[in-house]
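Spelled out, the chains give:
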Amino acid sequence: MKAIVFDRFGGPDVLHEADIEVPRPGPGQVRVRVKAAGLNALDGKIRAGMMEAVRPTPLPAVPGGELAGVVDALGEGVSDVQVGDEVLGWSDTGSYAQYALATTVAPKPAGLDWQHAVALPVAGETAERVLNLLGLAAGETVLMHGASGAVGTLAVQLATARGARVIATAGPANQDYLTSLGATATVYGDGLVERVQALAPDGVDAVFDLAGKGALEDSITLRGGTERIVTIADFGARQLGITFSQGSRERSTARLAALAQDAAAGKLVTTVTAHPLDRAATAQRVSDAGHVRGKLVLTVD
């Protein structure tokens, strides 16, 4: 099968196309004919070798942690999924490929296309995990740093659905985008504390940092301490006494299925920019640069 692999750590240029063996599903796994693969910032960090201390990657490796596609083979013990089912979920073997193995998948609604389906697994799980860690409730105000990406797009909507008010930061080009999702938008950078205080004179109840670009000190000022601040992007968090939330293996098929139904019904907006699989290096270069609106997706023939 055709796949994107890397044989050494480095920049996006280490990614290249290769013909590799089609994987065989083990017990509890399904094999999926991939139609779309999600691209995440973590993919670039793994490719660059930045995660080796905590998450070693045997080489050569196929990148990609999420997929949408058609089940074409079942492993032993699988009874809740059938060959031919259209699914979305998390890849066990790397999703930048024509075929991938998966253990946790949810049904894809007929009204949801592949590209928008694959925008949900990682971003949805991450957004809900952090909102739960923050204990965000109706009537509260949450500040989200760098909210125009894939996780932020869902987090803004899921927080407002809880009855919370969202103040979200992004660059000038994404102010209207955040407003369209239901947030009160403002730009990041110098003067952020004063801008947020003007928008929320009574203070903010929680902070969700998706940017990882030096916003934690301002967050501590706005919160008057480190309580109820969570980052998914700033590796210096622990030195400041702030919670760094990493990806969870406790993945809920039921919650993913519910998000997919909401997206198919138009209750949850996803925004995608698609690149063909053979342009994976270009797509990761865009991801590495930051400031992505919504989700980057690879389409697979």
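Along each chain, the written sequence defines residue order, and numbers are assigned to residues from 1. With pLDDT at 70 or above as the cut-off, local features in this predicted model cover only qualifying residues; side-chain atom pairs require 80 or more to be listed or tallied, and sums for whole chains, interfaces and linings still use all residues. For the side-chain quantities, the full set of heavy atoms in the structure was used; hydrogens and water were omitted.

### Thoughts on the pairing of strand β14 (residues 295-299)
At step 1: Each residue gets one of three labels from its accessible area relative to the maximum for its type: buried under 20%, exposed over 50%, partly exposed in between, using a 1.4 Å probe on protein chains only. What counts as a helix is a DSSP run of H or I of at least four residues, what counts as a strand is a run of E of at least two, and both are numbered from the N terminus. Burial of β14 is extensive: 4 of the 5 residues sit out of reach of the surface.
At step 2: Pairing geometry for strand β3 (residues 30-39) and β14, over 4 bridges, is antiparallel. Paired with Ala36 across the two strands is Thr299, which belongs to β14.
At step 3: Paired strands, as defined in this entry, are two strands with at least two bridges between them according to DSSP. Here strand β13 (residues 272-276) runs beside β14; their pairing, made up of 5 bridges, is parallel. When the sheet's bridge partners are listed, His275 is paired in β14 with Leu298.
At step 4: Look down the strands so they point away from you; if going from the first strand over the helix to the second traces a clockwise path, that crossover is right-handed. Of the crossover connections in this fold, the one passing from β13 over helix α9 (residues 280-289) to the parallel β14 is right-handed.

### Examining the packing of helix α6 (residues 192-199) against helix α7 (residues 216-223)
At step 1: Orientation is described by lines fitted to C-alpha atoms, with helices fitted over the stretch in contact, and by angles between N-to-C directions that extend from 0 to 180 degrees. Packing of α6 against α7 leaves a shortest axis separation of 10 Å and a crossing angle of 35°. Here α6 and α7 pass one another in a crossing that is right-handed. Contact with α6, carried on its side by Leu192, Val193, Val196 and Gln197, involves Asp218, Thr221 and Leu222 of α7 and no other residues of that element.
At step 2: Side-chain classes are defined by residue name, with Ala, Val, Leu, Ile, Met, Phe, Trp, Tyr, Cys and Pro counting as nonpolar, Asp, Glu, Lys and Arg as charged, and the others, Gly among them, as polar. Residue classes in the contact of α6 with α7 are distributed as 4 nonpolar, 2 polar and 1 charged. Definitions for this section: a left-handed crossing has its near helix turned counterclockwise from the far helix by less than a right angle. A right-handed crossing has that turn clockwise. Any two residues whose heavy atoms approach within 4.5 Å are treated as being in contact.

### A few points about the sheet that holds strand β11 (residues 229-231)
At step 1: Spatially, the 6 strands line up as an open sheet ordered β9-β8-β7-β10-β11-β12, and their pairing is parallel. Taken across any chain shown, the strands that pair with only one partner, and hence form the sheet edges, are β9 (184-187) and β12 (243-244).
At step 2: The pairing of strand β10 (residues 206-209) with β11 spans 3 bridges and is parallel. Across the sheet, the residue bridging to Phe208 is Val230, located in β11.
At step 3: In the packing of helix α3 (residues 121-134) onto the sheet, the strands contacted are β7 (141-145), β10 and β11, and the crossing angle to β10 comes to about 150°.

### Topic: unusual backbone geometry
If a residue is not glycine, its phi is most likely negative; likewise, a peptide bond is most likely trans.
At step 1: With omega at -5°, the peptide bond leading from Leu59 into Pro60 counts as cis.
At step 2: Looking at where Pro60 falls in the secondary structure, it is placed in the loop between α1 (41-47) and β4 (66-74).
At step 3: One non-glycine residue, Arg228, lies in the positive phi region at around 60°.
At step 4: For Arg228, the position within the fold is in the loop between α7 and β11.
At step 5: One non-glycine residue, His291, adopts positive backbone phi at about 65°.
At step 6: Residue placement: His291 occurs in the loop between α9 and β14.
At step 7: The exposure class of His291 is exposed, given its relative accessible area of 55%.

### A closer look at empty space enclosed by the protein
At step 1: Computed over the protein atoms alone on a 1 Å grid, cavities are sets of points where a 1.4 Å probe fits but cannot get out and pockets are open sets with protein on both sides within 12 Å along at least five of seven lines; a residue lines them when it has an atom within 4 Å of a point. Grid points are joined across faces, edges and corners, and a volume is the space filled by probe spheres set on the points. All told, the structure shown has 1 cavity of 30 Å³ or more when counted by the stated rule.
At step 2: Looking at the largest cavity, its volume works out to about 40 Å³.
At step 3: Lining of the largest cavity is provided by Ala119, Ala150, Thr153, Leu154, Thr270, Thr271, Gly294 and Lys295.
At step 4: When residues of the lining of the largest cavity are assigned to their parent elements, the largest contribution, 3 residues, is made by helix α4 (residues 150-161).

### Considerations on the nonpolar core
At step 1: Grouped together as the largest cluster of nonpolar side chains are 46 residues, with contacts concentrated most on Leu120, Val142, Met144, Val156, Val166 and Phe208.
At step 2: Mapped by element, the contributors of at least two residues to this core are β5 (86-91), α3, β7, α4, β8 (165-170), α5 (175-181), β10 and α8 (253-264).
At step 3: Ranked by the residues each element gives to this core, the list is headed by α4, at 7 residues.
At step 4: Not counting residues within four places of it along the chain, the set of residues in contact with Val156 comprises Met144, Ala147, Val166, Ala168, Leu181, Gly182 and Ala183.
At step 5: The nonpolar core is taken to be a set of buried Ala, Val, Leu, Ile, Met, Phe, Trp, Tyr and Cys residues, with the residues joined through side-chain atoms within 4.5 Å. In this structure, Leu39, Tyr96, Val105 and Val292 belong to the second largest nonpolar core, which totals 35 residues.

### Quick look at the packing of aromatic side chains
At step 1: Here the aromatic set is Phe, Tyr and Trp, taking the six-membered ring for Trp, and pairing holds for ring centres within 6.5 Å; pairs whose planes are under 30 degrees apart are stacked, those over 60 apart are edge-to-face, and all others are tilted. As enumerated under the stated definition, the model contains 2 aromatic pairs in all.
At step 2: Arranged with centres 6.2 Å apart and planes meeting at 55°, the rings of Phe6 and Phe9 form a pair that is tilted.
At step 3: We classify Phe6 as buried; its relative accessible area is 1%.
At step 4: For Phe9, a relative accessible area of 27% translates into the label partly exposed.
At step 5: An angle of 20° between the planes, with centres 5.2 Å apart, marks the rings of Phe235 and Phe244 as stacked.
At step 6: For Phe235, a relative accessible area of 46% translates into the label partly exposed.
At step 7: Above the plane of the ring of Tyr99 lies Arg33, whose end atom (NZ or CZ) is 5.4 Å from the centre.
At step 8: A ring is considered to have a charge above it if a Lys NZ or an Arg CZ atom is located within 6 Å of its centre and within 35 degrees of its normal. Here Lys108 stacks its cationic end above the ring of Trp114, 4.7 Å away from the centre of that ring.

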